[in-house]
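A closer look at the structure
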Amino acid sequence: MDQIKMKDLQTEAEKKPFAAAVKALWIEMFEDKESYVDHYMSSTWKHNRVLLLLRGEEIVSMLHLNPYTCIVQGERLDLHYIVGVCTKKAEQGKGYMGQLVTEALRICKEDGEPFTYLMPAAEAIYRPYDFVSAGWCDKFVIEAEEVEEADPSLSQARWDVIVPELGQAGSIQNVGNHTLQICPFDRWTAGQTKQLESFAAELPMDMHAAWTAAYFAETDQQMKCYDGELVAVCDQEKPIAIAAYLCEEDQSEAEITHVLAAKQYQKLVCRQLAEYVRKRLNKQDIRLVCNLPAYSFDAERMYCTTMIRPLQEEWFAKRISPADGDCMNIQILVKLWLQGVMIYTPELV
């Protein structure tokens, strides 16, 4: 039997011979739509780093290191996001994933990154590699048959929603004293894009991607692979949210994957986006699943969306008091750093 060998693909030329096999394995293991994987292979794949375990020319396991610029507590960092970690079903249980994760951590540390991060299928998978849960979401569901009722946390007295025909300016929806405009990314002007870049940068999140015009465009393209889109939500022309959604193939359910908004606006935005999606798809019985930061709702319903793996103790030591940082191991430093900190990174790949 051929020996298992690791391959580190860093350039397009190195990746090209493996592109078809990587695409096939991704679709097999993650069940993503082919249109989405095609987009991934034509965009992120060009810039990322891919670790493969090969038996001869056959891929048995893979891991992708995707580059992101993130803003962490006001500091701009170039980090790698670990994604696409999988092993062929017949090869699972042989420790292949651990080999890839260990090598990925070595690469990120060598590159000087203070930490790397991922979105776990299950937290238990990554705890043996010293990943720490650092971001949580609450799944807020708007059922198809649900009657819109007033939210006691908001000042509106009623939820009677008026959704006119979609026009050039998007969907105008009236809720109590609020008139919200939902504007798809395709209709943003250059001025609006700059305004929304500033809006995203000023939101009180401890960690988020650097939302630039290019990042907006990439997110919109990802959503479009699943009949969704990126939208801006404005109240009297003032941005209150940036949101993105995608749909199941049968359009029975839509998922709001991103809601960048101040806490007091999140439910309002989700309610209105639900009406907008139903109108856009001409499907009133669609179910909306909204992934929101857990601190906005009942913490008992939260689930982990993001885990980080500390790599540079010095970076974490600067974020606690010097008196506490002299003789502490990295795990204690991370726990202290995470006290009072909520990281929200609802990224795709």
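Residues numbered from 1 in each chain as written. Predicted model: local features only at pLDDT ≥ 70, side-chain atom pairs only at ≥ 80, totals over all residues. Heavy atoms only, no water.

1. Some remarks on the overall build of the protein chain
Summing up its helical and strand segments, the protein chain has 11 helices and 14 strands in all. Nonlocal contacts in the protein chain, meaning residues at least 24 apart in sequence, comprise 68% of its contacts between residues at least 6 apart. Accessible area for the protein chain stands at about 16,300 Å²; split by element, carbon and sulfur atoms hold 49% of it. (Helix = DSSP H or I, 4+ residues; strand = E, 2+ residues; numbered from the N terminus. Contact = heavy atoms within 4.5 Å. Areas by Shrake-Rupley, 256 points an atom, 1.4 Å probe, with all protein chains shown as cover.)

2. Examining the environment of His258
Locating His258 in the fold gives a position in strand S12 (residues 253-261). On a C-alpha basis, the gap between His258 and Leu230 in space is 8.8 Å, while along the polypeptide they are 28 residues apart. Within the structure, the side chain of His258 is placed 2.7 Å from the side chain of Thr257, a separation counted as a polar contact. (Polar contact = N/O pair within 3.5 Å; in protein donor to acceptor, adjacent residues only side chain to side chain.)

3. With respect to helix H9 (residues 266-281)
The end-to-end C-alpha distance of H9 is 22 Å, a good match for the 22 Å that 16 residues give at a rise of 1.5 Å each. Burial analysis of H9 places 13 of its 16 residues in the buried class, which makes it a mostly covered element. Following H9 by one or two positions, Asn282 adopts a phi angle in the positive range, close to 55 degrees. (Expected span 1.5 Å × (residues − 1). Buried < 20%, exposed > 50% of the residue type's maximum accessible area, 1.4 Å probe, protein only.)

4. With respect to the pattern of salt bridges
By the definition in use, this model includes 17 salt bridges. In this structure, the salt-bridge partner of Glu34 is Lys23, at a minimum N-O distance of 2.9 Å. One end of the pair, Glu34, is in helix H3 (residues 34-42); the other, Lys23, is in helix H2 (residues 19-30), and 11 residues separate them in sequence. Among the residues examined, Glu34 registers a relative accessible area of 47% and is labelled partly exposed. (Salt bridge = Lys/Arg side-chain N within 4 Å of Asp/Glu carboxyl O.)

5. Some words on the pairing of strand S3 (residues 58-72)
Within S3, 12 of the 15 residues are buried, which leaves the element mostly enclosed by the surrounding structure. Relative to S3, strand S2 (residues 49-55) runs antiparallel, the two sharing 7 bridges. By the bridge assignment for S3, Leu52 is matched with Met62. Counted between consecutive antiparallel strands, the loop separating S2 from S3 contains 2 residues, among which Gly56 sits at a positive phi close to 65 degrees. Relative to strand S4 (residues 75-87), S3 runs antiparallel, the two being bridged by 11 bridges. (Pairing = 2+ DSSP bridges.)

6. Considering the nonpolar core
Counting 51 residues, the largest nonpolar core has Leu52, Phe115 and Tyr117 as its most contacted members. For Leu52, the residues in contact, after removing those within four places along its chain, are Lys5, Met6, Lys7, Leu9, Phe18, Val22, Ile59, Ser61, Met62 and Leu100. (Core = buried A, V, L, I, M, F, W, Y, C linked by side-chain atoms within 4.5 Å.)

7. A word on the side chain of Thr306
Relative to the elements of secondary structure, Thr306 occurs in strand S14 (residues 302-310). Under the relative-accessibility criterion, Thr306 is labelled buried at 0%. Side chain to side chain, Thr306 and Thr305 meet in a polar contact 3.3 Å long.

8. Concerning unusual backbone geometry
Not every positive phi belongs to a glycine, and Glu31 is a case in point at roughly 60 degrees. On the secondary structure map, Glu31 appears in the loop between H2 and H3. Unlike most non-glycine residues, Asp130 shows phi in positive territory, near 65 degrees. As for its placement among the helices and strands, Asp130 is situated in the loop between helix H6 (123-126) and strand S6 (132-142).

9. As for the confidence of the model for the protein chain
Taken as a whole, the protein chain shows an average pLDDT of 81; of its residues, 78% reach a score of 70 or greater. Confidence drops under a pLDDT of 50 for residues 340-349, and excluding neighbours within four residues, the segment shows 45 contacts in the predicted structure. (pLDDT = per-residue confidence, 0-100.)

10. Quick notes on the environment of Pro239
Position of Pro239 among the secondary structure elements: in strand S11 (residues 238-247). As a C-alpha pair, Pro239 and Ser198 span 41 residues in sequence and 10.0 Å in three-dimensional space. Apart from the residues lying within four places of it in its own chain, the contact partners of Pro239 are Gln195, Leu196, Phe199, Val233 and Cys234.

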